[in-house]
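Summary of structural features
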Amino acid sequence: SLPAKLINGGIAGLIGVTCVFPIDLAKTRLQNQQNGQRMYTSMSDCLIKTIRSEGYFGMYRGAAVNLTLVTPEKAIKLAANDFFRHHLSKDGKKLTLLREMLAGCGAGTCQVIVTTPMEMLKIQLQDAGRIAAQKKLMAAQAQLSSSSAAGAAEPAVETRTTATQITRELLRSKGIAGLYKGLGATLLRDVPFSIVYFPLFANLNKLGQKDPNVKAPFYVSFLSGCVAGSTAAVAVNPCDVIKTRLQSLQRGVNEDTYSGILDCTKKIWQKEGPMAFLKGAYCRALVIAPLFGIAQVVYFIGIAEFLLDMLPKHRA
C-alpha cells in the first residue's frame, strides 16, 4: 500500500542519513574548496580537522535539516519509482530496460520537490565551518606578516546560523524561488542518477531471486543497493559538484561565483581542470552505497507493513 511505501522510505532515509552524514559533510566541503584556497587534502583530513576545530558534533552540522526532510524525499523517490514501474508494465509482464529507465526518470523528477530546498539548506550549514576556518587562517597569516601589532588582523569569529534563519532570509529576499536555487542542477543530477540506479538495482536484485514471485534475501537487496547506488553516484558526480557550487550562498576568500550551470562548468574546467568534476566522488560513493543499501533492505523487508498490520490487532 502507499502508506506502507511512504513509511518504509522514511524509516530507511532516517537510518541511512544518521550513519553516513559525516562523510556527506566532508564531500560538500571538498567539492566547494577551490584551487589556491584548499583547506583539506582528503576525506579523512577534512573529518579530523572538523573534529579539532568544531568538536565531534561539528560533523553533523546540517543533519537536522536532512533528517527532517529525508523522510518525504526518500518516500517520494521510492514510492514514485514503484508507481511508474506499475503503470509502465503491461499486464504484469517484465519491464524492458527503457521502461525501467523511464520509471527512474519519473522518480528522480518527482523527488526534487523536496531535494532542492533540503540540499540548499544543508549545504549552507555544512560549508559554514570551512569558510570560518579559512577566514581564521587568513587572519592568522596576516597577523604573522604584519610588522606592527596595530596592523594585525582580528581573528574571524564564526556566526552560527540555523536552517530557520536561512529559510526566513531567503523567503524574505527572494521568495519561494530562493529555496529552489540550483533546481536545474539538481534535476541534472537526480534524474540521471535515478535512470542509472533503479534499473541497475532491479536487475542485480533479480540475480538473487530463486523464484520471480519470492523476494530476494535481505543481503542480496543490501548489496544490490550498495553497488547500484555507488555506481550511479560516481556517474553523476560532475553534476553534483556543479549543484553544490551553485547552491552555496557564501564563498571563501577569492573564490569564484557562478551565474548558472554553463558558467559554473566553464570556470571549473578552465581554472581547476577536468579532474575537479570528480571532487568528492569517493565520499559520495561511500555515502550513497550504504544509504541505498539500508534503504532497500528496509523497503523490501517491509517494516511498515508489519507496523500497519499490528494496528488492528492492538486495537482489538
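Residues numbered from 1 in each chain as written. Predicted model: local features only at pLDDT ≥ 70, side-chain atom pairs only at ≥ 80, totals over all residues. Heavy atoms only, no water.

Here the focus is the overall build of the chain. Broken down by element type, the chain carries 11 helices and 0 strands. Sequence-ordered secondary structure for the chain, helices as α and strands as β, is α-α-α-α-α-α-α-α-α-α-α. Within the span of the chain, comprising 316 residues, buried residues form 48% of the whole. Considering only contacts in the chain between residues 6 or more positions apart, those separated by 24 or more positions represent 80%. Surface accessibility of the chain: about 15,700 Å² in total, with carbon and sulfur atoms responsible for 65%. (Helix = DSSP H or I, 4+ residues; strand = E, 2+ residues; numbered from the N terminus. Buried < 20%, exposed > 50% of the residue type's maximum accessible area, 1.4 Å probe, protein only. Contact = heavy atoms within 4.5 Å. Areas by Shrake-Rupley, 256 points an atom, 1.4 Å probe, with all protein chains shown as cover.)

Our next topic: the nonpolar core. Note that soluble globular proteins tend to have their nonpolar side chains buried in a common cluster. Judged by nonpolar contacts, the single largest core of 30 residues is most densely connected at Ala26, Met43, Phe193, Tyr197, Cys283, Ile288 and Phe292. Secondary structure elements with two or more residues in this core: α1 (2-32), α2 (43-54), α3 (63-88), α6 (183-206), α7 (218-235) and α10 (281-301). Element by element, the count of residues in this core is highest for α1, at 6 residues. Once residues lying within four places of it in the same chain are set aside, the contact partners of phenylalanine 193 are Lys77, Gly229, Ala232, Ala233, Val236, Arg284, Ile288 and Phe292. (Core = buried A, V, L, I, M, F, W, Y, C linked by side-chain atoms within 4.5 Å.)

Under the counting rule described, the total for this entry stands at 19 salt bridges. A salt bridge links glutamate 100 to lysine 206; its shortest N-O distance comes to 4.0 Å. Separated by 106 residues along the polypeptide, glutamate 100 in helix α4 (residues 97-145) and lysine 206 in helix α6 bring together distant segments of the chain. Here glutamate 100 falls in the buried class, since its relative accessible area comes to 2%. On the basis of relative accessible area, lysine 206 is assigned to the partly exposed category, the value being 31%. (Salt bridge = Lys/Arg side-chain N within 4 Å of Asp/Glu carboxyl O.)

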